[in-house]
Amino acid sequence: MAEPEEENIQKQIDEIEAVSSIYEENWTVVDEAARIFCIRIVDQEPKWTISLQVTLPPEYPTAAPPVYQLNAPWLRGHERAALSNDLEEIYLQNSGECLLFLWVQKIQEFLQLKARSNGAAQHGHKGTDEAKAEHRASSISIHSPSRHVSLSEPHCQSLDDEDLPPMVHGDPVTDRRSTFQAHLAPVVTLKQVKMHLQKLYQNKKIAGATHNIYAYRIYCEDKRTFIQDCEDDGETAAGGRMLHLMQILDVRNVMVVVSRWYGGIQLGPDRFKHINNCARNLLVEEGYSEPAGEVSKSKKPKNKKGK
């Protein structure tokens, strides 16, 4: 086997391991020998679902893109063409790089826009304006090294947040001298998100981590909408992957922070696997999600609420 092909195979293995750990139950191996895989991408409303089937040729990713097929009974005409053009544009902009997560992320954005436009058609422009206002309200910024947090509070009913619910910490995971640790807290307001981050960064070791990636999801009962956002903190796309994981698990009223202390050795896609696995394991331990492939017998509810 030629050296470039060996390099491609290793990159494919790393990418498959990372992507399958993120999408887990929505990831299917169609034909491992032929390198055919399928990812089911679902919006909040299950009606809007697309299955992305990909075949990874030996030349991928260095010299060729995956061969893909979009499967959705409602996707046709100009919508299918527009999405296909978006995927091909991503390939042109990232030639030689691994594309699967970027493609899935683009399809997820496409589904979200589809759901919003469908909602606007049913409820009028008022609903669209409210959605935009909620999106602006969920904006959050964090700046190293001080990691100053700036949040705007949305108008949604919530529990009293004077008493901050406790944050729990997962077991550290170390790989090639890089250490990852997840931290989790129930939240029902953006004020609680801000307070938890400020309190967490009082710990000098955590504040000194190379990256503190976080994501949160808050469900507003009165508006029946989610306020959600994420932060990479320098680890490109890690926050979006973690938020996507939380969406897939359908957790709510919770925030997760994953700290990474870089050990000097690059981990490639494995770093995303560790970040998401740390987050997933702590969500399972705290009763926000069920273990993969199992029916939870825990008495803890799937979606807990902060105090």
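What you see is a predicted model, and the numbers here were worked out from it, not measured in a lab.

Caption draft 1: Structural detail: the sheet that holds strand β2 (residues 36-42). Spatial strand order, β1-β2-β3-β4: four strands in an open sheet with antiparallel pairing. Lying at the two open borders of the sheet, with one neighbouring strand each, are β1 (27-31) and β4 (67-71). Within this sheet the neighbouring strands show an average axis-to-axis angle of 20 degrees, counted without direction. With seven bridges connecting them, β2 and strand β3 (residues 49-55) associate as antiparallel partners. Paired with isoleucine 39 across the two strands is leucine 52, which belongs to β3.

Caption draft 2: Representation of the packing of aromatic side chains within the structure. Counted according to the given criterion, the structure contains five aromatic pairs. For the ring pair tryptophan 27 and phenylalanine 37, a centre distance of 5.2 Å and an interplane angle of 20 degrees mean the geometry is stacked. Here tryptophan 27 is found in strand β1, whereas its partner phenylalanine 37 is found in strand β2, with 10 residues between them in sequence. Taking relative accessible area as the criterion, tryptophan 27 reaches 11% and is therefore assigned buried. Residue phenylalanine 37 is classed as buried on the basis of its relative accessible area, which comes to 2%. An aromatic cluster is defined as three or more aromatic residues linked by ring pairs; in this entry it consists of Trp48, Trp74 and Phe110. Over the face of the ring belonging to phenylalanine 226 we find arginine 217, whose NZ or CZ atom lies 3.9 Å from the ring centre. In this structure, arginine 241 is placed above the aromatic ring of phenylalanine 272, and the distance from its NZ or CZ to the ring centre is 3.7 Å.

Caption draft 3: Geometry of the confidence of the model for the protein chain. Averaged over all residues, the pLDDT of the protein chain equals 79, while 78% of them reach at least 70. Scored below 50 in pLDDT, residues 295-302 shows 13 contacts in the model against residues more than four places distant or in partner chains.

Caption draft 4: Up close: the nonpolar core. If you look at the biggest cluster of nonpolar residues, it comprises 32 residues, and the most contacted ones within it are Ile50 and Ile107. A total of eight residues in this core trace back to one element, the largest contributor, which is helix α3 (residues 100-123). Setting aside chain neighbours within four positions, we find isoleucine 50 in contact with Ile39, Arg40, Ile41, Leu70, Asn71, Ala72, Trp74, Leu75, Leu83, Ile107, Phe110 and Leu111. Within the second largest apolar cluster, 23 residues are counted, among which are Met246, Val254, Cys278 and Ala279.

Caption draft 5: Layout of the side chain of glutamine 108. Within the secondary structure, glutamine 108 is located in helix α3. In contact with glutamine 108, other than residues within four places in its own chain, are Ile41, Val42, Asp43, His244 and Gln247.

How each quantity is defined
Per chain, residues are indexed from 1 in the order of the written sequence. Only residues with pLDDT of at least 70 are given local features in this predicted model, and only at 80 or more are side-chain atom pairs given and counted; all residues enter the totals for whole chains, interfaces and linings. As a rule here, side-chain values cover all heavy atoms of the structure and leave hydrogens and water aside. Paired strands are those between which DSSP finds at least two bridges. Note on conventions: DSSP H or I runs of at least 4 residues are helices, E runs of at least 2 residues are strands, and numbering of each starts at the N terminus. Every axis corresponds to a line fitted to the C-alpha atoms, with the helix fit spanning only the stretch in contact, and the corresponding angles, defined between N-to-C directions, vary from 0 to 180 degrees. Stacked, edge-to-face and tilted labels apply to pairs of Phe, Tyr and Trp rings (six-membered ring for Trp) whose centres lie within 6.5 Å, assigned for plane angles under 30 degrees, over 60, and everything in between, in that order. Think of it in three bands: residues with accessible area under 20% of the maximum for their type are buried, residues over 50% are exposed, and the middle band is partly exposed, with areas taken using a 1.4 Å probe on protein chains only. Definition used: whenever NZ (Lys) or CZ (Arg) falls within 6 Å of the ring centre and also within 35 degrees of the ring normal, the charge is taken to sit over that ring. One number per residue, pLDDT, summarises how confident the predictor is, and it ranges from 0 to 100. Residues count as neighbours in contact if any of their non-hydrogen atoms are within 4.5 Å of one another. Nonpolar cores are built from buried Ala, Val, Leu, Ile, Met, Phe, Trp, Tyr and Cys residues. Side-chain atoms within 4.5 Å join them into one set.

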